[in-house]
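Summary of structural features
Listed below are the residues making up each chain.
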Amino acid sequence: QVQLVESGGGLVQAGDSLRLSCVASGRTFSSGAMGWFRQAPGKEREFIGAITKTTSTTYYGDSVKGRFTVSSDSDQNTWYLQMNNLKPKDTAIYLCALRTRTVYAINLAKAYDTWGQGTQVTVSS
């Protein structure tokens, strides 16, 4: 089994930066993707970004492209979401996710096999 744990959330002011981390424990896989999503109360889960395991190709949701960056350690057991120029609209629970085989729709939540519990990010005006 694989378990994911996010960390790095907190309360910040608009314009600040945060880096979230996701650590995977258990089995490792050579293919798939490491993703980030967010969800606010009453809203749908939103794709933020992801990085593939085979080629380290990154993908981003339109709402955060240019401000957020996804990266991973070389062992691909830890991945990160660097968030710059945070805005109040970014307030949400952020979740990391893992798919352990080839992914064809990297932006869809249903493509992922394992999820973390989430870490709260709150951005004040």
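Residues numbered from 1 in each chain as written. Predicted model: local features only at pLDDT ≥ 70, side-chain atom pairs only at ≥ 80, totals over all residues. Heavy atoms only, no water.

Next up on the list: the overall build of the protein chain. On a plain count of helices and strands, the protein chain comes out with zero helices and 11 strands. Tracing the protein chain from N to C terminus, the helices and strands come up as β-β-β-β-β-β-β-β-β-β-β. Computed over the C-alpha atoms, the radius of gyration of the protein chain is 13 Å, within 12% of the 14 Å expected from 2.2 N^0.38 for a compact globule of 125 residues. Of all 125 residues assigned to the protein chain, the portion counted as buried reaches 44%. Carbon and sulfur atoms form 45% of the exposed surface of the protein chain, whose accessible area is close to 6500 Å². Averaging the locations of the 13 positively and 9 negatively charged side chains of the protein chain gives two centres separated by 4 Å. (Helix = DSSP H or I, 4+ residues; strand = E, 2+ residues; numbered from the N terminus. Rg over C-alpha atoms; globule rule 2.2 N^0.38 Å. Buried < 20%, exposed > 50% of the residue type's maximum accessible area, 1.4 Å probe, protein only. Areas by Shrake-Rupley, 256 points an atom, 1.4 Å probe, with all protein chains shown as cover. Lys, Arg positive; Asp, Glu negative; His and termini not counted. Charge placed at Lys NZ, Arg CZ, Asp CG, Glu CD.)

Considering all chains together, one arrives at four salt bridges under this definition. Between R38 and E46 there is a salt bridge, with its nearest N and O atoms 2.8 Å apart. Look at R38 and you get buried, because its relative accessible area is 6%. Salt-bridge contacts for R67 lead to D90; the nearest nitrogen and oxygen are separated by 2.8 Å. With R67 in the loop between β6 (58–60) and β7 (68–72) and D90 in the loop between β8 (78–83) and β9 (92–99), this residue pair connects regions lying 23 residues apart in the sequence. Pair check on accessibility: R67 and D90 agree, each one buried. One continuous salt-bridge network, built from bridges that share partners, spans R38, E46, R67 and D90. (Salt bridge = Lys/Arg side-chain N within 4 Å of Asp/Glu carboxyl O.)

Below, the discussion takes up the side chain of T119. Among the structural elements, T119 can be located in strand β11 (residues 119–124). Here the side chain of T119 touches G9 through a polar contact of 3.2 Å, landing on its backbone nitrogen. (Polar contact = N/O pair within 3.5 Å; in protein donor to acceptor, adjacent residues only side chain to side chain.)

Let us now look at the sheet that holds strand β1 (residues 2–7). Taken in spatial order, the four strands line up as β1-β3-β8-β7 in an open sheet, and their pairing is antiparallel. Both outer strands of the open sheet, β1 and β7, are each paired with one neighbouring strand and no more. The mean angle between the axes of side-by-side strands here comes to 15°, regardless of whether they run parallel or antiparallel. Looking at chain direction, strand β3 (residues 18–26) and β8 are connected through six bridges and run antiparallel. Within β8, the position partnered with R19 by the bridge is Q82. (Pairing = 2+ DSSP bridges. Axes fitted to C-alpha atoms, helices over the stretch in contact; angles between N-to-C directions.)

With that settled, the discussion passes to the packing of aromatic side chains. Applying the stated rule across the entire model yields four aromatic pairs. Each ring, one from F37 and one from F47, has its centre 5.5 Å from the other, and the planes form 65°; the classification is edge-to-face. Of the two residues, F37 is situated in strand β4 (residues 33–39) and F47 in strand β5 (residues 46–52); the sequence distance between them amounts to 10 residues. Overall, the relative accessible area of 1% leaves F37 in the buried class. (Phe/Tyr/Trp six-rings, centres within 6.5 Å; stacked < 30°, edge-to-face > 60°.)

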